[in-house]
Amino acid sequence: GLIGSAVLKNLIAHDHKVFALARSENSKNKLITAGATPIMGDITAPEKWCADIPEIDGFIHTACDFSDQMAGIDATLLDQLIPTLHRQARPVRLIYTGGIWLYPESSPSDPMMDEITAFAPLPEFQWGESGINRVLSDEKIDGIILHPACVYASGENGRTGHFDRDIETAKTQNRVTVIGGDDIYQPLVHADDLADLYRLALEKAKPGSSYIGSTIHDLSNRKAADLIARHFGSKNTRVETITPETAMARLGNWARGLAHNQHFSHAKAQRELGWNPKHRNIEAALKEIRSRQT
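On a predicted model such as this, the values are computed, not experimentally measured, just so you know. (Residues numbered from 1 in each chain as written. Predicted model: local features only at pLDDT ≥ 70, side-chain atom pairs only at ≥ 80, totals over all residues. Heavy atoms only, no water.)

Chemist: Quick rundown of the overall build of the protein? Include the residues and the values.
Modeler: Across its full length, the protein holds 10 helices and 10 strands. Relative to its length of 294 residues, the protein is compact, with a C-alpha radius of gyration of 19 Å against a globular reference of 19 Å. Judged by the C-alpha coordinates and their principal axes, the protein covers about 60 × 40 × 35 Å. At a minimum sequence separation of 6, the contacts of the protein that also span at least 24 residues come to 77%. Surface accessibility of the protein: about 14000 Å² in total, with carbon and sulfur atoms responsible for 47%. (Helix = DSSP H or I, 4+ residues; strand = E, 2+ residues; numbered from the N terminus. Rg over C-alpha atoms; globule rule 2.2 N^0.38 Å. Contact = heavy atoms within 4.5 Å. Areas by Shrake-Rupley, 256 points an atom, 1.4 Å probe, with all protein chains shown as cover.)

Here it is, written out as structure tokens:
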């Protein structure tokens, strides 16, 4: 996946020995080429591969398929994974991925939300709160939680993340979609910056801690749509506005989050882990994507 690939690359670049889950021979070969040791398996059947986990110091869980079955998939994974980690020779640092859609909406006039803001999860992501509670309450593992914003990338290996759908429709249908209205602000983070946060959490975070991975807070849905239309569409690219309900009907119930207006601070990660995000310019990222696609 987008996050997992970036984390893998970052860990290997910083001399960590990495084992990674592969669902296919193609994925297996990519992992080997990247410098990782593959473990064959799928998150939907953890009983088939948890026993193959070697002695490790940390386990990073970033997998999510955004389907309506994800609550059960994640619970089953933790059912198998946590006892497996208990059997390790020493406590394992389990980095579990939550997400910003566990937090309430906020407006630009409100104080920026941070890690002490109380959860108010969207219904489709309430299962994440249960997973977090399981990880943090287990005294035999060192649980750490990361909450990524919407993740985008600059087109390396064809990955663009959060902007993928609108880039594709701008190119093929001369259309870009705004979900929920022009004044919705979606917090964003570049995959490479987020990967750096995962590594820093693995190396430095105190057990029981949590961090928000969000770096861009001033880009409205409309401004993002206009930038994508300018760089990937033609002269008369149409920007359409749809309701969250229409987005859910088209993409799945998870798409409710794409109209969730939020503003976050990442000061804690900077202060405690030394996180120093480098990607703050969305237009520069879109230009890089365009150059890679032409």
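This is not the end of the story, as more comes after the structure.
Chemist: So what's going on with the nonpolar core? Which residues, and what values?
Modeler: Among the nonpolar cores identified, the biggest contains 90 residues, and F59, F163, I282 and L286 are the most heavily contacted of them. Among the elements that take part in this core, helix α6 (residues 191-204) stands out by supplying 8 residues, more than any other. Those residues in contact with F59 that lie beyond four places of it in its chain are W49, I53, L81, L85, V92, R93, L94 and I95. (Core = buried A, V, L, I, M, F, W, Y, C linked by side-chain atoms within 4.5 Å. Buried < 20%, exposed > 50% of the residue type's maximum accessible area, 1.4 Å probe, protein only.)

Chemist: Hey, could you go over α6 for me, with residue numbers and the actual values?
Modeler: For α6, with 14 residues, the first-to-last C-alpha span of 20 Å sits near the 20 Å given by 1.5 Å per residue. Burial analysis of α6 places 11 of its 14 residues in the buried class, the great majority of the element. Within the sequence span of α6, burial applies to A191, D193, L194, A195, D196, L197, Y198, R199, L200, A201 and L202. (Expected span 1.5 Å × (residues − 1).)

Chemist: An account of the pattern of salt bridges is needed here, citing residue identities and associated values.
Modeler: Per the stated rule, a full pass over the model turns up 14 salt bridges. Notably, a salt bridge pairs D79 with R134, separated by 2.9 Å at the nearest N-O pair. You can see D79 sitting in helix α3 (residues 70-86) and its partner R134 sitting in helix α4 (residues 126-137), a full 55 residues away along the chain. Since its relative accessible area comes to 31%, R134 is described here as partly exposed. Its salt-bridge partner being E240, residue R238 comes within 3.6 Å of it at the nearest N-O pair. Residue R238 is classed as partly exposed on the basis of its relative accessible area of 47%. If you follow the salt bridges from partner to partner, you end up with R175, R238, E240 and R250 in one network. (Salt bridge = Lys/Arg side-chain N within 4 Å of Asp/Glu carboxyl O.)

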